[in-house]
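Working through the structure, step by step
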Amino acid sequence: MTQRSQGNLNFLKELNLLLEYSDKIYSSYLESNKLFLYAKILYDTNQRILKLLLSNAYNCDEAVQKDATELMFHLDVWSAIWMETAEAKKPTLKDVFVFDNDVNFPKESVERLLSSGLN
């Protein structure tokens, strides 16, 4: 295995871990009736995912880059709306925190992205 392909594998493993963690956080957010505490943790985790994508996706092939771009777009839109809502509402950790987002999570892109190197 080349150093580049090992780096891509490590990137995808870390991405997979962060996405699994974000899924756990999102489930806790829903189970808690959408408390800001979990929304804040999810925001922080999504920022880590964005940083990881920006730092690594450029080393991958075009198909992976395309799927990474779909995920980055979703996270950027979600984050912008999240920030605007948090600044306007100034919620405490125990407050309900919800907002509308028309850019859905790119489930198929993420599945292809992760399957590209984790099989």
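Scroll up to find the structure.
Residues numbered from 1 in each chain as written. Predicted model: local features only at pLDDT ≥ 70, side-chain atom pairs only at ≥ 80, totals over all residues. Heavy atoms only, no water.

Focus: the environment of Asp61
Among the structural elements, Asp61 can be located in the loop between α2 (36-56) and α3 (62-89). Separated by 55 residues in the primary sequence, Asp61 and Ser116 have C-alpha atoms spaced 9.8 Å apart. A polar contact of 2.9 Å, which involves the side chain of Asp61, links it to the backbone nitrogen of Val64. (Helix = DSSP H or I, 4+ residues; strand = E, 2+ residues; numbered from the N terminus. Polar contact = N/O pair within 3.5 Å; in protein donor to acceptor, adjacent residues only side chain to side chain.)

Digging into the pattern of salt bridges
For the structure shown, the criterion picks out two salt bridges. Its salt-bridge partner being Lys40, residue Asp44 comes within 2.7 Å of it at the nearest N-O pair. Note that Asp44 and Lys40 are positioned in helix α2 at a spacing of four residues, about one turn of the helix. Overall, the relative accessible area of 34% leaves Asp44 in the partly exposed class. (Salt bridge = Lys/Arg side-chain N within 4 Å of Asp/Glu carboxyl O. Buried < 20%, exposed > 50% of the residue type's maximum accessible area, 1.4 Å probe, protein only.)

Considerations on α2
Between the first and last C-alpha of α2 there are 30 Å, a value that for 21 residues agrees with the 30 Å anticipated at 1.5 Å per step. Buried residues of α2: Phe36, Ala39, Leu42, Tyr43, Thr45, Asn46, Ile49, Leu50, Leu52 and Leu53, and no others. (Expected span 1.5 Å × (residues − 1).)

Here's the deal with α3
Along its 28 residues, α3 runs 40 Å from first to last C-alpha, staying within 8% of the 40 Å computed at 1.5 Å per residue. Considered for burial, the residues of α3 that qualify are Val64, Asp67, Ala68, Leu71, Met72, His74, Leu75, Trp78, Ser79, Trp82, Thr85 and Ala86. The N-cap residue of α3 is Asp61: its side-chain oxygen and the backbone nitrogen of Ala63 are 3.2 Å apart. Positioned one or two residues after α3, Lys90 has a phi angle of 45 degrees, which is positive.

Here we look at the packing of aromatic side chains
This structure, assessed with the given rule, holds eight aromatic pairs. Centre to centre, the rings of Phe36 and Phe97 are 5.0 Å apart; their planes meet at 70 degrees, and the pair counts as edge-to-face. Here Phe36 is found in helix α2, whereas its partner Phe97 is found in the loop between α3 and α4 (107-118), with 61 residues between them in sequence. With relative accessibility at 9%, the residue Phe36 sits in the buried group. (Phe/Tyr/Trp six-rings, centres within 6.5 Å; stacked < 30°, edge-to-face > 60°.)

Here we look at the side chain of Asp67
Summarising the element assignment, Asp67 is placed in helix α3. With residues near it in sequence (within four places) discarded, Asp67 still touches Ser109, Arg112 and Leu113. (Contact = heavy atoms within 4.5 Å.)

Section: unusual backbone geometry
The phi dihedral of Asn33 falls on the positive side, at around 65 degrees, and the residue is not glycine. Mapping Asn33 onto the fold places it in the loop between α1 (3-31) and α2. Here Asn33 falls in the exposed class, since its relative accessible area comes to 59%. In this model, Lys34 sits at a positive phi of 70 degrees, which is unusual for a non-glycine residue. The topology assignment puts Lys34 in the loop between α1 and α2. The class for Lys34 is partly exposed, based on a relative accessible area of 34%.

Overview of the side chain of Ser22
In this fold, Ser22 is placed in helix α1. In terms of polar contacts, Ser22 uses its side chain to reach the backbone carbonyl oxygen of Leu19, at 2.8 Å. Once residues lying within four places of it in the same chain are set aside, the contact partners of Ser22 are Leu42, Thr45, Asn46 and Ile49.

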